[in-house]
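# Structural features, examined
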Amino acid sequence: MSNKPSIDKLVDIMAQLRDPLGGCPWDLKQSFTSIVPYTLEEAYEVAHAIETEDWPEVQNELGDLLFQVVFYAQLGKEQGLFDFDAIVDGVSEKLVRRHPHVFAQLDVADEAEIKKNWENFKAAERAEKSQDVAPSALDDVPAALPALSRAAKLQKRAAHQGFDWPDISGVVDKLAEEQLELVEALASDDMEHIAEELGDLLFTAVNLARHLKKDPEQLLRQANNKFENRFRYVEKILRVGGKELSDYSLEQLENAWCEAKTELNP
């Protein structure tokens, strides 16, 4: 097994782990459904390693994520659904088909035309797979995506159909409109209405990120990291002599927060 290509070794290891006679009891208990949470976790760990620029860890986490694909391939093989080679063949064929400017010498004007062609290919594939007479442009946007990412994906699909603001000013105006509607809802004390308007505001904020060509999920992750670093700094300078943050006034906490912003800028 040691002389085989690296991916073949990994596929063989996975098969051995699932061997009913001598495999790993934990691996043998798993199913497509049960390992989905681990796949999502591994994907986020890859993202975190990249964000922190920990390149050895990126390598390790990519290996863990690749193992998830091999795990699904083994399950598919056992059930006669597909195997690893079929997965590789499928994605290879799709990439060649979606990149005619590379593999078929199709002339394209710029990156924008490449993206437009890509979306057109995907739309044709959705239509081919759909059983509906008139498939929706929103078909196959995964419901399990994180809400921010799914909002951006839905908006991108709609925009490809021409359902979009022509420039960013329309989005900014819409954001101000949604903020005003939220303020009005807050005055009504109707929690259901407030929640709806807050959701609309978040959805529009995602649209603004899309127009700025920024990933909203990544933007919020960065904001989370910034908040966490500043809050930890506040804890560090105020937790002295057995004191807790709750022992300080709001003004003292605000002053410490401003110091954290200065010291940890950006």
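One can find the structure itself at the top, above this paragraph.
Residues numbered from 1 in each chain as written. Predicted model: local features only at pLDDT ≥ 70, side-chain atom pairs only at ≥ 80, totals over all residues. Heavy atoms only, no water.

### Digging into the packing of aromatic side chains
Quick reminder of the rule: When the centres of two rings from Phe, Tyr and Trp lie within 6.5 Å, Trp using its six-membered ring, the rings pair. Their planes under 30 degrees apart give stacked, over 60 give edge-to-face, and anything left gives tilted. Numbering goes from the N terminus for both helices and strands, where a helix is a DSSP run of H or I of at least four residues and a strand is a run of E of at least two. Note on exposure labels: buried denotes an accessible area under 20% of the residue type's maximum, exposed denotes more than 50%, and partly exposed covers the range between, all computed with a 1.4 Å probe on protein chains only.
In total, this model carries 6 aromatic pairs according to the counting rule given. Judged by centre distance (5.5 Å) and plane angle (80 degrees), the rings of W26 and Y38 are edge-to-face. Of the two residues, W26 is situated in helix α2 (residues 25-29) and Y38 in helix α3 (residues 36-51); the sequence distance between them amounts to 12 residues. Overall, the relative accessible area of 36% leaves Y38 in the partly exposed class. On the numbers, 5.5 Å between centres and 45 degrees between planes, the contact of F227 with W257 is tilted. With a gap of 30 residues between them, F227 in helix α11 (residues 216-238) and W257 in helix α12 (residues 250-263) connect regions that are remote in the sequence.

### A short note on α11
An α-helical turn contains 3.6 residues, so a residue and the one three or four places further along point in the same direction. Rules: A helix's residues, less one, multiplied by 1.5 Å, set its expected span. Contact definition: two residues touch when any of their heavy atoms are within 4.5 Å. What qualifies as a polar contact is a pair of N or O atoms within 3.5 Å, subject to a donor-acceptor requirement within protein and to the restriction that residues adjacent in sequence count only when both atoms come from side chains.
Taking 1.5 Å as the rise per residue, α11 with 23 residues should run 33 Å; its terminal C-alpha atoms sit 33 Å apart, in good agreement. Among all positions in α11, only P216, E217, R221, R230, Y233, V234, E235 and L238 are buried. Looking at the buried residues of α11, the elements they touch are α3, α8 (147-160), α10 (191-211) and α12. At the N-terminal boundary of α11, the capping side chain belongs to D215, with an oxygen 3.2 Å from the backbone nitrogen of E217.

Note that every value here comes from positions in space, so none of it alone points to a role or purpose.
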